[in-house]
Amino acid sequence: MSQNKKSNLETITLGGGCYWCVEAVYENLDGVKSVVSGFSGGKIANPSYEEVCTGTTGHAEVVQITYDKTITNINEIFKVFFTVHDPTTLNRQGADVGTQYRSVIFYKNEEQKKAAQSIIAELNKAKVYNSPIVTKVEPFKAFYKAEDDHQNYYANNKNQPYCKMVIQPKLEKFEKVFKDKLKKK
C-alpha cells in the first residue's frame, strides 16, 4: 500500500451494544475498509468473550472500524452509530444488559473527540431522543480482538434466530436511512 493511501485511513473504536449488530452495519458502509469485533475499555489484557460476558472485566463489546477519509468521514461514522443503536439506555441495548453493552466512543485523537462531543451536543439540543444521550467519550487505550467465531458473525450466521430478530432489523434500518452510502455490491 502506498504511503498516500495509508494516510487516508483512520481508525475509530465504538461500542453500541452487541458487537455483532454494529459490525454488520459498518461492513456495508462505503469507505469502510475493515470492521473487527473485540473489547476495549477494561482492566485485563486479552479477555475472552466469556470473561467479558460476566461484566466484571470493565470491557465493552466494541468494533474497531478502519475507514478511508476520502470516501467517508468521522461525522458520517457517528451518524450511522447514533442511528443504529439507542444511546440513551445506560449499560444496555434491548435485551442485552450489562456494562459490556454500554454506548461508548473510544477516540484516538482530538478531532475524533471533538466530533463525538459535537454530535452528542447537537442530538441532545435537537431532542432527537426522548431521553439524554448517555454515550461515554473516552480516550482509546487498547483493543483486544474477539475470537474468530465472533468476526463477521452476521454474514456467517444469517439464519440464527438472534441474527434474524435483532441484527436484521438494524441492518434494514441502516440500509433504508443510508441507502446512498452503501458499498456497491
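Note that the structure is predicted; figures quoted are calculated from it, not measured.

Cut-off values and rules
- Residues numbered from 1 in each chain as written.
- Predicted model: local features only at pLDDT ≥ 70, side-chain atom pairs only at ≥ 80, totals over all residues.
- Heavy atoms only, no water.
- Axes fitted to C-alpha atoms, helices over the stretch in contact; angles between N-to-C directions.
- Helix = DSSP H or I, 4+ residues; strand = E, 2+ residues; numbered from the N terminus.
- Parallel < 35°, antiparallel > 145°, perpendicular 65-115°, else oblique.
- Left-handed = near helix turned anticlockwise from the far one by under 90°.
- Contact = heavy atoms within 4.5 Å.
- Nonpolar A, V, L, I, M, F, W, Y, C, P; charged D, E, K, R; others polar.
- UniProt positions renumbered as here; feature names shortened; annotations may be inferred.
- Salt bridge = Lys/Arg side-chain N within 4 Å of Asp/Glu carboxyl O.
- Buried < 20%, exposed > 50% of the residue type's maximum accessible area, 1.4 Å probe, protein only.
- Pairing = 2+ DSSP bridges.

### Section: the packing of helix H4 (residues 74–84) against helix H5 (residues 110–125)
- Following both chains from N to C, one finds H4 and H5 inclined at 45°, their axes separated by 10 Å at the closest point. By the criterion of interaxial angle, the relationship of H4 to H5 is oblique. Here the hand of the crossing between H4 and H5 comes out right-handed. Residues Ile74, Asn75, Phe78, Lys79 and Phe82 of H4 pack against Glu111, Gln112, Ala115, Ala116, Ile119, Ile120 and Leu123 of H5.
- Within the contact of H4 with H5, the residues separate by chemical class into 8 nonpolar, 2 polar and 2 charged.

### Let's talk about the environment of Ala60
- Of note, Ala60 is situated in strand E3 (residues 60–68).
- It is 26 Å that separates the C-alpha atoms of Ala60 and Lys127, two residues lying 67 residues apart in sequence.
- Setting aside residues no more than four positions away along its own chain, Ala60 makes contact with Gly38, Phe39, Ser40, Thr99, Gln100, Arg102 and Val104.

### A closer look at the UniProt feature "domain: Peptide methionine sulphoxide reductase MsrA" (unreviewed entry) in the protein chain
- UniProt's entry tags residues 11–164 with the feature "domain: Peptide methionine sulphoxide reductase MsrA" (unreviewed entry), counted in the numbering of this structure.
- Taken end to end, residues 11–164 comprises 31% helix and 26% strand; its first and last C-alpha atoms sit 29 Å apart.

### Quick look at the pattern of salt bridges
- Under the definition given, this model contains 3 salt bridges.
- One salt bridge in this structure joins Glu76 and Lys181, with 3.1 Å as the shortest N-O distance. Of the two residues, Glu76 is situated in helix H4 and Lys181 in the segment after helix H7 (161–177); the sequence distance between them amounts to 105 residues.
- Classification of Glu76 by relative accessible area gives buried; the value is 12%.
- Taking the relative accessible area as the measure of exposure, Lys181 reaches 30% and is therefore partly exposed.
- Put simply, Lys145 and Asp148 hold a salt bridge, and the shortest N to O gap is 3.9 Å.
- On the basis of relative accessible area, Asp148 is assigned to the exposed category, the value being 62%.

### Quick notes on the sheet that holds E3
- Taken together, 6 strands build an open sheet; the order of strands is E7-E6-E1-E3-E2-E8 and the sheet is mixed. One side of each edge strand has no neighbouring strand; the edge strands of this open sheet are strand E7 (136–139) and strand E8 (143–145). The average angle at which neighbouring strand axes cross in this sheet is 35°, direction not considered.
- Bridge analysis of strand E1 (residues 9–16) against E3 gives 6 bridges, and the strand direction is antiparallel. Bridging from a neighbouring strand, Thr13 pairs with Gln64 of E3.
- Contacts from helix H2 (residues 19–26) reach E1, strand E2 (32–40) and E3 within the one sheet, and its direction differs from that of E2 by about 170°.
- On the sheet, H4 packs against E1, E2, E3 and strand E6 (103–107) and is oriented at approximately 15° with respect to E1.

### A look at the UniProt feature "active site" (unreviewed entry) in the protein chain
- When the UniProt feature table is mapped onto this chain, "active site" (unreviewed entry) is found at Cys18.
- Positionally, Cys18 belongs in the loop between E1 and H2.
- Beyond its immediate stretch of four places on either side in the chain, Cys18 contacts Glu61, Asp96, Tyr101 and Tyr162.

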